[in-house]
Amino acid sequence: MASRHVVGVGVVSKARKQRQLFPSIRFWSQCNRLFWRYWPQILIFSVLLNFLVGILVTAMRRLTSWLLVKFDVAYLSYTNITTVAFQKPWLVFILLLLLAVILALVYWQFTIFILFVNDLSQDQRPHFRQLLRRAGRKFKLLNFKTFLFLTLFFILMLPVLSSFFSTPLLGKVVIPDFIMAFIDVHLWYPWIIAGLYLISLWLGLRYLYVLPLMVLYDESVTSARHHSWELTRKNNWRNFRKGAVGLIFAGALFGILNSLLFWLQTAFDLTDFAFIGANLTMLLTALVTLLFGSYTTMVLLLLMQSPLPRPLPPTYQPHHPHFWRYLTGLVCGLYLLTFGLFNYGYLKNLTSTQPLLISHRGVDAGNGVQNTIPALTKTAAKKPDYIEMDVQETKDGQYVCFHDPTLRVLAGRRERPQDLTLAQLQKITVKENGHQAKIPSFDDYLAQATRLDQKLLIEYKVSRQDSPTAVKNFIKRYQNRIRENQGQVQSLDYQAIATVKTESSQTFSAYIMPYNFAFPNTEMNAYAMEVTTLNSDFVDQAHEHQQLVYSWDVNDSSTLNRMMFFNVDGIITDRLTTMRQHLHDNQKQPQYASLMSNYRDIVNLVWND
C-alpha cells in the first residue's frame, strides 16, 4: 500500500509539472507561429524603428556635447555634477529636459511595438506611418504622475528588458566593468545586488501589463497599475516560465544556426576563398542576429499582452496590395549592401589596424608585482609601446609608485601612502601573483624606464591627504625627465590633469573617463575610456578634435576586436603578450572563423549605436 501511495504521488507530481510546462510551450508555439508568419514585416519594422530612434539618440548626444561647449563646462561626471548644478543651473535644467525626452522616446518606442504586435496578432498589417501617428496620439496620457511612474517602471523592468529587448535607448544603460569588478571583490555586495535584482524582477513582472493597458485600453496610469497588479496575482511564476522557455528555445535555435555558420567558415578557412567566404557567412550571421533580436522582442511583447480581450485594431486599406513585398525587397537589398560593405571594412580593419599596446600597471599576465621595478624590467623586455603605472604623493612631499588608496591588499597594512614618508614606504615589501618586491620611488622607476628605453604612461592618483600643491610640484619637478622619456601623464581627476596641462603645455596629457556620458570639452591630448561604455561615436568625435583614445582594460580577444572596430588608438591591458599575439594572428594568419566568435556583439553595437 505504501509503495502504491508513493507511485501515486509521483504520478500526480509529474502531471502537475506537465500542466505547468505545457502553457509555456504553447506560448512559445504561439510566438513561433506569429513570428515566422510575419517575420519580414517584423524585421523591417524593427530596423526602421531602431534606425529612426538611433538618429534621435545620436542627435541628442551631439546636442549634449554642444551644450558643454556653449556653457563652458569641460566635462560631466559624478565628480563635478554638484558643482555644475550650482554654477550652471540652466545647463542642468536643459540636460534634465533631454533626459525627459529620452524617457518619452522609450515610452513612444514601446507604444509603437505594442500597437504593432497587437495588430499582427489580429491579422492586420499596419503601415509604419500610421503606427507613428497612433503612437503620437497616446502621448495625451502622459502627465507628470504618469511620467514619474514610467521612469520607475523602466528601472524596474531593466532586468526583464535586457534579456529580451534590443534598442538604441536601453542599450545605453550599462554598468561599467570596473564597478562590477569592485562588487566581485566585496563579499556581501554580490548578494545585495542579486537580492535587488530579484526584487526588481518580481515587481517588474507584477507591473508587466501596465504599458499595454495604457496603450491598448487607454487606462490611466493609476488604473493600469492596479489592474496589472490584480491580473498578475499568482501568475508571476507562470509569466516567468513563459518568458524563460521562449528565451531558452530561441537561444538554442539561433545558437545552432550560428554554430553551423561558424563551422561553415572553418571549412572556408581551409580554401583560397576564406575572405570571400567570411563576407558571406558574416552576412548570414548578421541576419541571424537581427532575427534573434526581433524574435526576443516579439516574445517580450506577447508576454506583456494582458489576458483581457484585445481591442480590435483599425482596418487598414493598403495603398498598394504588394506594399510589404516591395518594402521587404527594398530593405533586404539595402541590408545586403550595407552589411556587405560593413563586413568588408570590419575584416579589413581587424587585419590591418595596429593600436598602441600599453601594459597595465607595468605587468603582463601576473609576471610580477604591479608598479615595481622588477616587473617593469620583465615587461619592458617584451617591448610594449607604453607601460602604464601609478604615482602618489607621500607624507614628506615625495612621489611613490603605488595604485591603491591603502597598503592593505599588497602589504597587509592599513596605512595610506600619504601617511608614510618615502623612506618608510621604500622599506615595505609588497606581494602579488607569487612575487614580491619593494615599493619604488618614482625617481627610481622613471630612471629604470629611461635606461630600458621604455616609455611610460604615468597616472597621477589624487588623494584628499595630498598637499595643496602636490600636482603642481610633481609636474614642475619631472616634466623635463618625462619628455626625455617620451612619456605621457593621465589622471582620473580632471583638476589634476588640467593643472598638468596648464603648468606644462608640452606634456602629453590624458583625462581618464570611467563613463561615457557626453563628449568632453577640453584641450587634452587624449582620453582614456573604460571599455564598457566606449563607442565608435566617442572615438570619431575625439579624432575630429585631433585627440587620441585609449581603452581600458582590454584583456580578451572579443574586447580587443571591438576596440579595433571602434578604431581606438591604444589599448591598456593586463595581458600584453596575449593581445599582441592576437593582433599578429589577425594580420599575418587571419582565421576568419575565430573573428566570427564576437561578430554578433559587433552587429549588436551597430544595431544599438
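Rules and cut-offs
Residues numbered from 1 in each chain as written. Predicted model: local features only at pLDDT ≥ 70, side-chain atom pairs only at ≥ 80, totals over all residues. Heavy atoms only, no water. Helix = DSSP H or I, 4+ residues; strand = E, 2+ residues; numbered from the N terminus. Buried < 20%, exposed > 50% of the residue type's maximum accessible area, 1.4 Å probe, protein only. Contact = heavy atoms within 4.5 Å. Areas by Shrake-Rupley, 256 points an atom, 1.4 Å probe, with all protein chains shown as cover. Core = buried A, V, L, I, M, F, W, Y, C linked by side-chain atoms within 4.5 Å. Phe/Tyr/Trp six-rings, centres within 6.5 Å; stacked < 30°, edge-to-face > 60°. Lys NZ or Arg CZ within 6 Å of the ring centre and 35° of its normal. Axes fitted to C-alpha atoms, helices over the stretch in contact; angles between N-to-C directions. Parallel < 35°, antiparallel > 145°, perpendicular 65-115°, else oblique. Nonpolar A, V, L, I, M, F, W, Y, C, P; charged D, E, K, R; others polar. Left-handed = near helix turned anticlockwise from the far one by under 90°. Patch = residues over 30% accessible without salt bridge, like charges linked within 9 Å, V, L, I, M, F, W, Y side chains within 5 Å. Salt bridge = Lys/Arg side-chain N within 4 Å of Asp/Glu carboxyl O. Polar contact = N/O pair within 3.5 Å; in protein donor to acceptor, adjacent residues only side chain to side chain.

Engineer: Please provide a residue-by-residue account of the overall build of the chain, values included.
Structural biologist: From N to C terminus, the chain includes 23 helices and 11 strands. Looking at the chain as a whole, 49% of its 609 residues are labelled buried. Contacts spanning at least 24 positions in sequence make up 70% of the contacts within the chain whose residues lie at least 6 apart. For the chain, the accessible surface area stands at approximately 29,600 Å², while carbon and sulfur atoms represent 62% of it.

Engineer: Lay out the nonpolar core in plain terms, naming residues and giving numbers.
Structural biologist: Within the largest apolar cluster, 71 residues are counted, with the highest numbers of intra-cluster contacts made by Phe45, Leu49 and Leu211. Excluding anything up to four places from it in sequence, Phe45 contacts Ile112, Phe113, Phe116, Phe128 and Leu131. Within the second largest apolar cluster, 51 residues are counted, among which are Tyr445, Ile482, Met513 and Phe566.

Engineer: So, the packing of aromatic side chains: which residues are in play, and what are the values?
Structural biologist: Under the counting rule described, the total for this entry stands at 23 aromatic pairs. Residues Phe262 and Trp263 carry aromatic rings whose centres are separated by 5.5 Å and whose planes lie at 80° to one another, so their mutual orientation is edge-to-face. A relative accessible area of 28% means that Phe262 is categorised as partly exposed. Seen from their ring centres, Tyr527 and Phe538 are 5.9 Å apart, and the 70° between their planes marks the pair as edge-to-face. Highlighted residues: Tyr527 in strand 9 (residues 526-530) and Phe538 in helix 19 (residues 536-544), separated in sequence by 11 residues. Phe538 sits in the buried class, given a relative accessible area of 2%. An aromatic cluster of three or more residues is present, and its members are Phe35, Trp36, Phe254, Phe292 and Tyr295. The ring of Trp229 carries Arg206 above its face, with NZ or CZ at 4.0 Å from the centroid.

Engineer: An account of the packing of helix 3 (residues 89-121) against helix 11 (residues 274-303) is requested, with residue identities and associated values reported.
Structural biologist: Running from N to C, helix 3 and helix 11 point in directions that differ by 80°, and their axes come no closer than 10 Å. Our classification of the angle between helix 3 and helix 11 gives roughly perpendicular. Facing Phe110, Phe113, Ile114 and Val117 of helix 3, the residues of helix 11 in contact are Thr297, Met298, Leu300, Leu301 and Leu302. Considering only residue class, the contact of helix 3 with helix 11 consists of eight nonpolar, one polar and no charged.

Engineer: If you had to explain the packing of helix 8 (residues 210-217) against helix 9 (residues 221-231) to someone new, which residues and values would you point to?
Structural biologist: Across the interface, helix 8 lies against helix 9 with an axial gap of 8 Å and an inter-helix angle of 125°. As judged from the angle between their axes, helix 8 and helix 9 are oblique. In terms of crossing hand, the pair formed by helix 8 and helix 9 is right-handed. Residues Val210, Leu213 and Met214 of helix 8 pack against Val221, Ala224, Arg225, His227, Ser228 and Leu231 of helix 9.

Engineer: Can you explain a nonpolar patch on the surface? Please cite residues and give values.
Structural biologist: Together, Trp36, Trp39, Leu253, Ile256, Leu257 and Leu260 line one region of the surface with nonpolar side chains, adding up to about 550 Å² of accessible area. Mapped by element, the contributors of at least two residues to the nonpolar patch are helix 1 (2-70) and helix 10 (236-268). Looking at which element gives the most residues to the nonpolar patch, the answer is helix 10, with four residues. Turning to its location among the elements, Trp36 is positioned in helix 1.

Engineer: Explain the pattern of salt bridges residue by residue, including any values.
Structural biologist: A complete count under the given rule lists nine salt bridges for this structure. Put simply, Arg62 and Asp537 hold a salt bridge, and the shortest N to O gap is 3.2 Å. Separated by 475 residues along the polypeptide, Arg62 in helix 1 and Asp537 in helix 19 bring together distant segments of the chain. The partner of Glu415 in a salt bridge is Arg413, with the nearest N and O atoms 2.9 Å apart. In this structure Glu415 comes out as partly exposed when scored by relative accessible area, which is 24%. For Arg413, a relative accessible area of 32% corresponds to the partly exposed category. Taken together, the shared-partner salt bridges in this structure form one network comprising Arg62, Asp537 and Glu544.

Engineer: Could you give an account of the environment of Ile572, with specific residues and numbers?
Structural biologist: Take Ile572: it is sitting in strand 11 (residues 570-573). Beyond its immediate chain neighbours, meaning those up to four positions away, Ile572 contacts Ile358, His360, Leu457, Tyr550, Ser551, Trp552, Asp553 and Val554.

Engineer: So, unusual backbone geometry: which residues are in play, and what are the values?
Structural biologist: That bond from Trp552 to Asp553 is cis: its omega, -20°, falls within 30 degrees of zero. Counting through the fold element by element, Asp553 comes out in the loop between strand 10 (548-552) and helix 20 (557-566). The phi torsion at Ala365 lies on the positive side, around 55°, for a residue other than glycine. At Gln546, a position not held by glycine, the phi torsion is positive, near 60°. Positionally, Gln546 belongs in the loop between helix 19 and strand 10.

Engineer: I'd like a description of helix 19, backed by residues and values.
Structural biologist: Within the span of helix 19, buried status applies to Asp537, Phe538, Val539, Gln541 and Ala542. Looking one or two residues beyond helix 19, the residue adopting positive phi is Gln546, at roughly 60°.

Engineer: Break down the side chain of Gln541 for me, with residues and values.
Structural biologist: Along the chain, Gln541 falls in helix 19. Reaching out from Gln541, the side chain makes a polar contact with the side chain of Asp537 at a distance of 2.9 Å. Beyond its immediate chain neighbours, meaning those up to four positions away, Gln541 contacts Arg61, Arg62, Ser65 and Phe519.

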